[in-house]
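Structure assessment
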Amino acid sequence: MKRKIALVISLIVLVVAFMVSGCVKSIDMPGSTAIDWSLQAVDGQARVIIGFSGLPDKALVKAFGGEVYAEFAFIKALSAKIPVEAIDGLLRNPHVVYVEPNIELHTLEEQYLWGMERIFGDESFEVTTWGTSTGFGVKVAILDTGIDGTHLDLAGRVAGGKDCTGIGSYSDDNGHGTHVSGTVAAIYSNNSGVYGVAPSASLYAVKVLDSTGSGYLDWIIAGIQWAIDNDIDIINMSLGTTSDAQPLEDACNAAYEAGILIVAAAGNSGNKPGNRDTVEYPGGYASVIAVAASDSNDARATFSSTGPDVELIAPGVSILSTILGDAYAYYSGTSMASPHVAGVAALVLAANSDLTNDDVRLILQQTAENLGLKQEHQGYGLVRADLAVQAASGTTPPASDTDPEPGTVTISSINYSLSRNAKHMYVSVHLDPVVVGASVSIEVYLDGGSSPYFSGTITTDTAGVAKFTIVNAPNGTYSTIVTDVSAAGYTWDDAFPDNSYEKK
């Protein structure tokens with residue numbers, strides 16, 4: 001397949017025979033391929049495997065001026081370096097069965113971009129979705145260690161950038177930012193290397209981390225400010241901290257209000273059972289899409305942070321992408337998951353430029369694939385490029401129950417949860433049976449007030465859940481009234497459970 005990286009073993013069959021006389025240059029036999037020992041030798045010495053009829057004879061090899069590297073008694077052979085002119089004499093010894101070049105072998109394993117294949121569903125390279133959108137015209141800022149714009153697979157993709165670290169260049173001196181960038185927008189038409197989710201998107205290298213992969217808070221904030229000033233569409237931040245910083249939240253909120261979609265790594269602070277709220281910042285802010293990491297078995301990576309702020313999950317284990325020096329490497333982390341989502345967002349926005357950041361975010365949520373994991377582990381589910389672009393472009397109906405059996409839908413539960421910093425509150429309305437794409441409207445009342453503190457309408461995700469976010473929710477007692485549920489083929493029974501929640 002085009003663009004897959006494969007290293008293949010060349011199998012060489014060597015047949016040897018005695019030479020009649022003369023200096024050994026090649027060993028030939030009718031119907032066989034000759035061995036040209038002059039091509040095998042370095043400074044007149046050849047690395048060989050010598051086979052014996054009995055136990056390997058080290059003394060014999062040393063007598064011919066050879067140096068023994070290893071002995072393999074189970075096959076009656078040893079490896080050695082010997083002068084080329086000694087090969088003829090060795091082959092004349094009745095105890096020597098063969099002398100063969102110690103050739104180099106390479107792995108047969110085919111190394112492929114499993115993460116890309118997973119988020120494009122059943123599509124294979126070149127993916128069908130690219131017929132609708134390749135991300136052209138969308139500006140994606142990579143707030144990271146910079147980007148190596150000279151990399152073969154990123155040539156022409158880096159449209160500009162900003163150094164916020166003070167070194168004077170936004171070129172990558174670490175490799176992390178280049179790896180992230182390859183996942184977002186590595187080109188697919190140069191017949192080598194890897195390809196990105198949105199190969200025609202424009203990348204902007206906003207260097208906010210230094211060569212060690214660390215950066216000060218003011219560098220990050222300066223990078224966000226630059227993105228706002230330069231009309232960036234999407235920010236990817238594969239970075240994080242466990243410290244909640246008000247200036248960082250303010251900067252993210254300002255960028256979101258300016259129309260920028262912000263995607264960030266959820267963090268690598270998870271534990272094996274995933275039973276703690278460990279989402280890092282900026283992923284933990286309501287204005288940011290926090291992305292968890294999945295493996296090739298659709299399981300949550302054990303390192304992936306968990307909590308109610310997780311919004312989506314994407315491939316993040318053994319992700320192959322670009323690194324410094326026209327090279328490639330496998331990295332793992334939620335840093336690798338986040339750019340998959342940023343790339344899909346670029347595809348969605350390129351498919352329909354009239355969409356707002358709120359619209360794009362909603363499409364990503366509605367078209368995510370439910371992996372059957374806990375909501376705190378996967379959020380709305382696995383990001384799906386193919387379904388999201390279809391929904392954005394109108395080429396197919398958005399993911400929903402398009403042909404449901406007629407019946408009644410009810411609300412099974414209304415649950416409350418808080419963000420890790422306890423500033424924001426989430427109200428989750430669960431439908432029974434599970435109906436995808438149903439419209440749910442609610443009113444939330446605080447401390448028994450006569451008018452709603454919050455009201456909103458949203459559609460259910462692939463788990464049949466409508467999750468509302470109340471930003472900067474004050475302390476107090478909350479209750480929720482469901483005012484409408486609309487689902488094709490279903491009638492809402494107008495009932496919902498009594499509920500209340502005290503935020504302290």
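Residues numbered from 1 in each chain as written. Predicted model: local features only at pLDDT ≥ 70, side-chain atom pairs only at ≥ 80, totals over all residues. Heavy atoms only, no water.

Points about the sheet that holds strand β4 (residues 45-52)
Strands in a sheet are paired, the pairing made by backbone hydrogen bonds, and the direction either parallel or antiparallel. Spatially, the four strands line up as an open sheet ordered β5-β6-β4-β7, and their pairing is antiparallel. Either end of the sheet is taken by a strand with one partner, and the two such strands are β5 (67-72) and β7 (96-101). Between one strand axis and the next, the sheet turns by 25° as a mean value, whatever way the strands run. Both β4 and β7 contribute to a ladder of five bridges, which runs antiparallel. Each bridged residue has a counterpart across the sheet, and for I49 the counterpart in β7 is E100. (Pairing = 2+ DSSP bridges. Helix = DSSP H or I, 4+ residues; strand = E, 2+ residues; numbered from the N terminus. Axes fitted to C-alpha atoms, helices over the stretch in contact; angles between N-to-C directions.)

Regarding the side chain of E249
Examined against the element boundaries, E249 turns out to sit in helix α7 (residues 246-257). There is a polar contact of 3.0 Å between the side chain of E249 and the side chain of H424. Contact partners of E249, with chain neighbours within four places excluded, come to Y285, N421, K423, H424 and N472. (Polar contact = N/O pair within 3.5 Å; in protein donor to acceptor, adjacent residues only side chain to side chain. Contact = heavy atoms within 4.5 Å.)

Here we look at helix α5 (residues 176-185)
α5 sits mainly inside the fold: ten of its ten residues count as buried. Turning to α5, its buried residues are H176, G177, T178, H179, V180, S181, G182, T183, V184 and A185. (Buried < 20%, exposed > 50% of the residue type's maximum accessible area, 1.4 Å probe, protein only.)

A few points about the pairing of strand β16 (residues 319-323)
Buried residues dominate β16, accounting for five of its five residues. What sits between β16 and strand β17 (residues 327-331) in their antiparallel hairpin is a turn of three residues, with G325 showing a positive phi close to 80°.

Brief notes about the packing of aromatic side chains
Applying the stated criterion across every chain yields a total of ten aromatic pairs. Ring plane angle 85° and centroid distance 5.5 Å describe the contact between W130 and Y195, whose orientation is recorded as edge-to-face. Of this pair, W130 sits in the loop between α4 (114-119) and β9 (139-144) while Y195 sits in the loop between α5 and β11 (202-207); the two residues are 65 residues apart in sequence, bridging distant segments of the chain. Pair check on accessibility: W130 and Y195 agree, each one buried. Ring geometry for Y416 versus Y501: centroids 5.3 Å apart, planes at 10°, classification stacked. Residue Y416 is found in strand β18 (residues 407-418), and its partner Y501 is found in strand β25 (residues 501-503); the two are separated by 85 residues along the sequence. (Phe/Tyr/Trp six-rings, centres within 6.5 Å; stacked < 30°, edge-to-face > 60°.)

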